[in-house]
Amino acid sequence: MSIAGKSKGDVVQQLEKSYGVARSTVFNRLKYLGYSLDKVDDLFSLSSEQMAELDNLHRWISDGGRMADYPKPGQLAMVRDEGELEQYGEAINFDALEGDEELGHAELIRAAQNQAAGILIAQNLLTAEMLKNPQHLPQDLLAQVEQSKVAIAPKSQNPLVVASEWITKAKSYQKNQGQLAA
């Protein structure tokens, strides 16, 4: 759903009422997302895509998130150790794909690189989460983890036998050192 008004103030007032926030909050959110209220056909408006993004941002903040942590449209994001999001990349300008074919290929390659990086980042984050919380692994994988623990666990040994072996090795070493010195 798009939104429009005869003035910027009309649009902002509709957003204030819709989200139940102050005028300055509306302006801050628009600025953060990089949106401006442009006049088209005698009306100031936001597209349905922009409204959907504003709705997502509002839900994010309502659920306790910080606006600074919300990933901007068209950017990759990564969770830092502190649980904050770190943003990567820039939005792709699809208008540039028309016209300059070389630029279009570069933008397409960059889009693929962004997607690959996003998948790798997500894989790393999910792996780290599974390492912290192995109880979330499926039962078959948990069984494999337990089998590996048994396979690599140190075998119990008689401490007197181990001590005797080390003493024998130490005496042999001393004997060899004495022969070298002579």
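Our structure's up above, just so we're on the same page.
What counts, and at which threshold
- Residues numbered from 1 in each chain as written.
- Predicted model: local features only at pLDDT ≥ 70, side-chain atom pairs only at ≥ 80, totals over all residues.
- Heavy atoms only, no water.
- Phe/Tyr/Trp six-rings, centres within 6.5 Å; stacked < 30°, edge-to-face > 60°.
- Helix = DSSP H or I, 4+ residues; strand = E, 2+ residues; numbered from the N terminus.
- Buried < 20%, exposed > 50% of the residue type's maximum accessible area, 1.4 Å probe, protein only.
- Expected span 1.5 Å × (residues − 1).
- Arc of directions from axis to C-beta.
- Contact = heavy atoms within 4.5 Å.

Trainee: Can you help me understand the packing of aromatic side chains in this one?
Mentor: In this description, a pair of aromatic rings is defined by centroid distance and the angle of the planes. Overall, the coordinates contain one aromatic pair when judged by the stated rule. Centre to centre, the rings of tryptophan 60 and tyrosine 70 are 5.6 Å apart; their planes meet at 75°, and the pair counts as edge-to-face. Of this pair, tryptophan 60 sits in helix H3 (residues 48-62) while tyrosine 70 is found in the loop between H3 and strand S4 (76-79), placing the two residues 10 residues apart along the sequence. Residue class for tryptophan 60 comes out partly exposed when judged on its relative accessible area of 29%. For tyrosine 70, a relative accessible area of 6% translates into the label buried.

Trainee: Is there a simple way to think about helix H1 (residues 8-19) in this case?
Mentor: Along its 12 residues, H1 runs 17 Å from first to last C-alpha, staying within 8% of the 16 Å computed at 1.5 Å per residue. All of the buried residues along H1 are Val11, Val12, Leu15 and Tyr19. What you see down the axis of H1 is that its buried residues fit within an arc of 95°, all on one side. Opposite its buried face, H1 presents the exposed residues Gln13 and Lys17, each directed more than 90 degrees away. In the core, the buried residues of H1 are packed alongside strand S1 (3-5), helix H2 (23-33), strand S3 (43-46) and H3. One or two steps after H1, the chain reaches glycine 20, where phi turns positive at roughly 65°.

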